[in-house]
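Examining the three-dimensional arrangement
Take a look at the letters that make up each chain.
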Amino acid sequence: AAKKAGKNRIHFYSPAEDLLLVQRNQNIERLRSALSDQEFVLHYQPKVDLLSGEIIGLEALLRWEHPQLGLLTPSLFLADINGSPLEVPVGEWVIETVLKQMSAWQTAGLHVKVSLNIGAAHLFQPDFYDQLNRLLSSYPKINPAHLELEILETTAINDFAMASEAMARCHQLGVRFALDDFGTGYSSLAYLRRLPIDMLKIDQSFIRDILTNASDLGIVEGVILMAAVLKHPVLAEGVETLKHGALLVQIGCHLCQGDGIAQPMPAEQIPAWITQWHAEEIWHTLGKMMLD
Ligand code: C2E
Ligand code: MG
Ligand code: MG
Ligand code: MG
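Predicted model, so just to flag it, every value in this text is computed and none were measured. (Residues numbered from 1 in each chain as written. Chains lettered and ligands numbered in written order. Predicted model: local features only at pLDDT ≥ 70, side-chain atom pairs only at ≥ 80, totals over all residues. Heavy atoms only, no water.)

So, on to the overall build of the chain. Looking only at helices and strands, the chain features 13 helices and 10 strands. Relative to the compact-globule value of 19 Å for 292 residues, the chain shows a C-alpha radius of gyration of 21 Å, a close match. Across the 292 residues of the chain, 46% fall into the buried class. For the chain, contacts bridging at least 24 residues in sequence account for 67% of all contacts bridging at least 6. Of the accessible surface of the chain, which amounts to about 15000 Å², a share of 55% is contributed by carbon and sulfur atoms. For the chain, the separation between the mean place of its 22 positive charges and that of its 34 negative charges on side chains is 6 Å. (Helix = DSSP H or I, 4+ residues; strand = E, 2+ residues; numbered from the N terminus. Rg over C-alpha atoms; globule rule 2.2 N^0.38 Å. Buried < 20%, exposed > 50% of the residue type's maximum accessible area, 1.4 Å probe, protein only. Contact = heavy atoms within 4.5 Å. Areas by Shrake-Rupley, 256 points an atom, 1.4 Å probe, with all protein chains shown as cover. Lys, Arg positive; Asp, Glu negative; His and termini not counted. Charge placed at Lys NZ, Arg CZ, Asp CG, Glu CD.)

Put into structure tokens, the structure is as follows:
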């Protein structure tokens, strides 16, 4: 039994709550060994400019290569990491792995920007800046401006003062920030205007049905206009087909990411994908699609 916050209230945990707590702790322990046994990997999903054909960057996405269950996506384990003592070590592993990979690509003649997702507790660690600074210093060949940190809109807005301060500080290192899952956090324009961000990523839930749902399309058009007013580049997430891409270009959003362009893939597949993307000149086909 334990005392919970509240006036003169004592809250006794039920057997069900005890069980859930035990399970969460077991999950955290399993994830801890996943980290030390190097079962985590990053997959990379391209982000492209559909007008110019340029590959504007790659997003690093966490995967767990589970020895029995196969490749697991974050929806199956990230909730156990977030808010646990593992959030910071896993986040640090992600930054370090991305820098190592960028450095390997660079050596191979591939200069590509990479973004990664940062959890709230990690960003708000008092020594986050020092950690990032130290990691960047150990990869002096990498231009910090080629590293972008994606922060959830809800993270940035719920703790606005802390988030903008952490972001402003890290900006001094040269890194970039993107506001992720934009549109899911009900932020006001007043807040958005004051956030030091370099990119808005429109959440995939708004993009999914733009081909068939006029009000979703209207919302996306509104977000694109707003981003223009705030002078933030805007990218559409979850671009599932090239038709989505063509429509997005038409309404003024030419930065796109999604399975319709490329699915997240292991680092080894990136060079071949880039070669093929340049060869296909898909963006010219898109230009034709828009005239149909
Ligand atoms: P996110 O940052 O918004 O990443 C985009 C998610 O959309 C990815 O899911 C990606 O695989 C998926 N996606 C991409 N294109 C499409 C599409 O066309 N259709 C659909 N339906 N989905 C698409 P994923 O990899 O499962 O990651 C889910 C979320 O987990 C991410 O959302 C991000 O918030 C979080 N996450 C991923 N990796 C990390 C990480 O290293 N650290 C932290 N803290 N969070 C991470
Ligand atoms: Mg993201
Ligand atoms: Mg997102
Ligand atoms: Mg998301």
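Once that is clear, we can look at the confidence of the model for the chain. Residues of the chain with pLDDT of at least 70 account for 95%, and the chain-wide mean is 92. The ipTM, which scores confidence in the relative placement of chains, is 0.98 for this predicted complex, and the corresponding pTM is 0.93. (pLDDT = per-residue confidence, 0-100.)

It is worth spelling out the coordination of the magnesium ion (ligand 2) at this point. The coordination sphere of the magnesium ion (ligand 2) contains the protein donors Glu59 (OE), Asn117 (OD1), Glu150 (OE) and Asp180 (OD), at a distance range of 2.0 to 2.2 Å. Sequence spacing among the residues donating to the magnesium ion (ligand 2) works out to E-x57-N-x32-E-x29-D. Between the magnesium ion (ligand 2) and the magnesium ion (ligand 3), a spacing of 4.3 Å is present, and a bridge between the two is formed by aspartate 180. Of the two residues, glutamate 150 sits in strand 5 (residues 147-152) while aspartate 180 sits in strand 6 (residues 176-182), which places them 30 residues apart along the sequence. Assessed through its relative accessible area of 1%, glutamate 150 is described here as buried. Overall, the relative accessible area of 5% leaves aspartate 180 in the buried class. (Donors = N, O, S within 2.8 Å, 3.2 Å for Na, K, Ca; no water.)

Turning to the nonpolar core, a few remarks are in order. Buried together is how nonpolar side chains tend to be arranged in soluble globular proteins. Phe40, Tyr44, Val98, Leu132, Leu147 and Leu248 are the most contacted members of the largest nonpolar core, which totals 89 residues. Take this core: its biggest share by element is seven residues, from helix 3 (residues 87-107). Dropping the residues within four chain positions of it, phenylalanine 40 is found in contact with Leu31, Ala34, Leu35, Leu62, Arg63, Trp64, Phe77, Ile81, Val90 and Trp93. Ranked by size, the runner-up nonpolar core spans five residues in total, among them Ile56, Ala178, Met199 and Leu255. (Core = buried A, V, L, I, M, F, W, Y, C linked by side-chain atoms within 4.5 Å.)

The subject of this paragraph is the site of ligand 1. Around ligand 1 lies a shell of 22 residues, among which Arg63, Asp180, Gln204, Glu240 and Asp259 are the nearest. At 2.9 Å from an oxygen atom of ligand 1 is found a main-chain nitrogen or oxygen belonging to aspartate 259. About the coverage of ligand 1: the protein hides 80% of its 800 Å² of free accessible area. Sorting the residues of the shell around ligand 1 by element identifies strand 2 (55-66) and strand 6 as the ones contributing at least two each. For the shell around ligand 1, the element with the most residues is strand 2, which contributes four residues. Counted by class, the shell around ligand 1 contains seven nonpolar, seven polar and eight charged residues. (Near = heavy atom within 4 Å. Polar contact = N/O pair within 3.5 Å; in protein donor to acceptor, adjacent residues only side chain to side chain. Nonpolar A, V, L, I, M, F, W, Y, C, P; charged D, E, K, R; others polar.)

Moving on: the pairing of strand 7 (residues 199-202). Burial along strand 7 is two-sided: Met199 and Lys201 and Leu200 and Ile202, pointing in opposite directions, are all buried. Strand direction decides the pairing type here: strand 6 and strand 7, joined by three bridges, are parallel. Along strand 7, the bridge assignment pairs phenylalanine 182 with isoleucine 202. Crossover handedness for the path strand 6 to helix 8 (residues 189-194) to strand 7: right-handed. With three bridges joining them, strand 7 and strand 8 (residues 234-236) adopt parallel strand pairing. Directly across from isoleucine 202, in strand 8, lies its bridge partner alanine 236. (Pairing = 2+ DSSP bridges. Right-handed = clockwise from strand over helix to strand, strands pointing away.)

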